[in-house]
Amino acid sequence: MRLDELLQSRNNNLDLFRVIAALLVIYGHAPAFVPNQAAHDFVYDMLRFDYSGSLAVKFFFMLSGLLVTRSLLLRPAIKPFLLKRAARIFPGLIVCLLFSVFAVGLSLTSLQVSAYLQHPQTWSYLLHNSLLFSMQWNLPGVFENAHTSIVNGSLWTLPLEVLCYIFLAVFSVAAIRNSRLLASVLLLAPIGAIFFENKILFAHLAAFKDALMLGGCFCVGVLAALYQQQIVINAKGVAGGVVVLLLLWSSPLQILCFYIVFFYSCLYLSSTPIVNQYLKIPGDPSYGIYIYGFVIQHLVAHFFPNQSLFFNQWMAVLVALAAGYLSWYLVERPAMHWAKARLSAVR
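Here the structure is a predicted model, which means the values were calculated and not measured. Per chain, the residues get numbers from 1 upward, laid out in the order the sequence is written. In view of the model being predicted, local features appear only for residues whose pLDDT reaches at least 70, and side-chain atom pairs are presented and counted only at 80 or more, with totals across whole chains, interfaces and linings using the full set of residues. Side-chain numbers here rest on the full set of heavy atoms in the structure, without hydrogens or water.

1. Some remarks on the pattern of salt bridges
Okay, so step 1: The rule for a salt bridge is simple: a side-chain nitrogen of Lys or Arg has to be within 4 Å of a carboxyl oxygen of Asp or Glu. Counting across every chain of the model gives seven salt bridges.
Okay, so step 2: The closest approach of N and O atoms between Glu-5 and Arg-2, which form a salt bridge, is 3.8 Å.
Okay, so step 3: Each residue gets one of three labels from its accessible area relative to the maximum for its type: buried under 20%, exposed over 50%, partly exposed in between, using a 1.4 Å probe on protein chains only. Looking at Arg-2, the relative accessible area reads 33%, which means it is partly exposed.
Okay, so step 4: We note a salt bridge from Lys-58 to Asp-50, for which the minimum N-O separation is 3.2 Å.
Okay, so step 5: In this structure Lys-58 comes out as buried when scored by relative accessible area, which is 6%.
Okay, so step 6: When its relative accessible area of 5% is taken as the criterion, Asp-50 is described as buried.

What follows is the structure, given as structure tokens:
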């Protein structure tokens with residue numbers, strides 16, 4: 001079927017793939033919490049240029065670029081677009097931060113409770129991270145003796161996600177509405193520069209390479225959305241993509257080609273009858289799994305310090321699934337319903 005048809009909710013099971021991606025992030029982060037054990041990341045063992053958690057986040061950004069651009073094309077109004085994106089990100093994030101500061105932090109800090117609550121870092125962590133501005137990674141006296149003192153390392157991608165949304169809103173006004181060809185050219189320029197590691201670009205921005213790669217993945221998703229009525233998703237496309245990838249392996253096009261084929265294949269698999277009809281999951285707990293996963297892995301390592309890497313991964317997966325569903329049903333879905341009701345009221 002065409003991509004625009006596949007993206008209709010009845011024709012795909014992308015929620016399952018989002019959950020798998022979020023769980024892969026937990027799998028990939030585990031060595032940071034249990035570093036003294038031999039760890040083999042199956043994705044890195046196959047690719048040698050990326051690992052499971054990073055690949056999962058790239059999938060998130062490509063899918064986000066595709067879906068939010070489709071949403072913007074269906075309703076080309078900037079304020080509703082930004083309101084829906086804010087409702088999707090900030091309520092769940094703020095509740096997660098409150099949990100981290102007042103449940104995890106208060107329970108585990110080495111400081112006295114009064115000292116912890118009076119410490120400026122406690123409140124700046126909550127404020128700065130709620131605004132996704134000048135992110136802070138540590139809470140006073142929390143996880144001081146852990147292998148990493150970063151409370152929630154997964155949050156680093158959220159400011160970039162918001163920047164991508166803002167870019168898309170501006171890009172929509174400046175290019176998409178005027179000419180799809182112009183928009184395509186303007187998207188291909190950063191995609192080419194990022195994935196071919198332009199020497200001029202990375203000479204000045206080498207420290208931001210990971211962020212630039214995610215931005216490039218978002219642009220790939222945006223580009224796919226612009227041609228959703230022309231792109232056909234089927235098994236022949238997957239097979240053809242794999243053949244092209246094998247031919248281009250070890251060439252400068254290898255990495256970009258791999259991500260495109262990987263993303264295309266995930267879209268195809270999400271639309272197959274077995275996956276779409278028999279593996280449907282209730283709700284969308286992926287965002288909650290993602291934002292709580294790192295903190296949960298910290299807690300598992302703290303309370304079970306002598307357990308294995310495998311134990312950390314699977315215990316964190318089970319707890320994060322529960323946290324993801326609680327976040328979806330109690331916070332995220334109500335916030336999104338509120339945003340839709342607000343938009344309906346002002347029409």
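Continuing now.
2. Side note on the nonpolar core
Okay, so step 1: If you look at the biggest cluster of nonpolar residues, it comprises 95 residues, and the most contacted ones within it are Leu-66 and Phe-195.
Okay, so step 2: Counting from the N terminus, the helices are the DSSP runs of H or I reaching at least four residues and the strands are the DSSP runs of E reaching at least two. If you tally residues by element for this core, the top one is helix H11 (residues 209–226), at 12 residues.
Okay, so step 3: Working rule for contacts: check all heavy atoms of both residues, and any pair within 4.5 Å makes them a contact. Filtering out sequence-adjacent residues up to four positions away, Leu-66 remains in contact with Leu-3, Leu-7, Gly-221, Val-222, Ala-224, Ala-225, Phe-263 and Leu-267.
Okay, so step 4: Only buried residues count toward a nonpolar core, which is a set of Ala, Val, Leu, Ile, Met, Phe, Trp, Tyr and Cys residues joined through side-chain atoms within 4.5 Å. With five residues, the next largest nonpolar core counts Ala-30, Phe-33, Val-34 and Phe-294 among its residues.

3. A few points about the environment of Ala-87
Okay, so step 1: By secondary structure assignment, the location of Ala-87 is in helix H5 (residues 78–108).
Okay, so step 2: The class of Ala-87 is buried, set by a relative accessible area of 7%.
Okay, so step 3: In the structure, Ala-87 is positioned 45 residues away from Leu-132 in sequence and 14 Å away in space, judged by C-alpha atoms.
Okay, so step 4: What Ala-87 contacts, discounting residues up to four positions off in sequence, is Ala-335, Met-336 and Ala-339.

4. Re the layout of surface pockets
Okay, so step 1: When its volume is computed, the largest pocket comes out at roughly 1400 Å³.
Okay, so step 2: Cavities and pockets are defined on a 1 Å grid built over the protein atoms alone: a cavity is a set of grid points where a 1.4 Å probe fits but cannot escape, while a pocket is an open set with protein on both sides within 12 Å along at least five of seven lines, and lining residues are those with an atom within 4 Å of any such point. Lining the largest pocket are 44 residues, with Arg-18, Leu-67, Arg-85, Arg-88 and Met-336 positioned closest to its centre.
Okay, so step 3: Contributions of two or more residues to the lining of the largest pocket are made by helix H2 (14–29), helix H4 (52–74), H5, helix H8 (157–176), helix H15 (286–303) and helix H16 (309–346).
Okay, so step 4: In terms of residue count, H4 provides more of the lining of the largest pocket than any other element does, 10 residues in total. Grid points are joined across faces, edges and corners, and a volume is the space filled by probe spheres set on the points.

5. Some points on the packing of H5 against helix H7 (residues 120–131)
Okay, so step 1: Running from N to C, H5 and H7 cross one another at 165°; their axes reach a closest spacing of 10 Å. When the axes of H5 and H7 are compared, the pair comes out roughly antiparallel. The two elements H5 and H7 cross, and the hand of that crossing is right-handed. Along its contact with H5, which presents Phe-90, Leu-93, Ile-94, Leu-97, Leu-98, Ser-100, Val-101 and Phe-102, the element H7 presents Thr-122, Trp-123, Tyr-125, Leu-126, Asn-129 and Ser-130. Simply put, an axis is a line fit to the C-alpha atoms, just over the touching stretch for a helix, and the angle between two N-to-C directions goes from 0 to 180 degrees. By the definition adopted for this analysis, an angle is roughly parallel if under 35 degrees, roughly antiparallel if over 145, roughly perpendicular if from 65 to 115, and oblique otherwise. Handedness of a crossing is defined here by the sense of rotation of the near helix relative to the far one, left-handed for an anticlockwise turn of less than a right angle and right-handed for a clockwise turn.

None of the figures reported here should be taken as evidence of function without further support.
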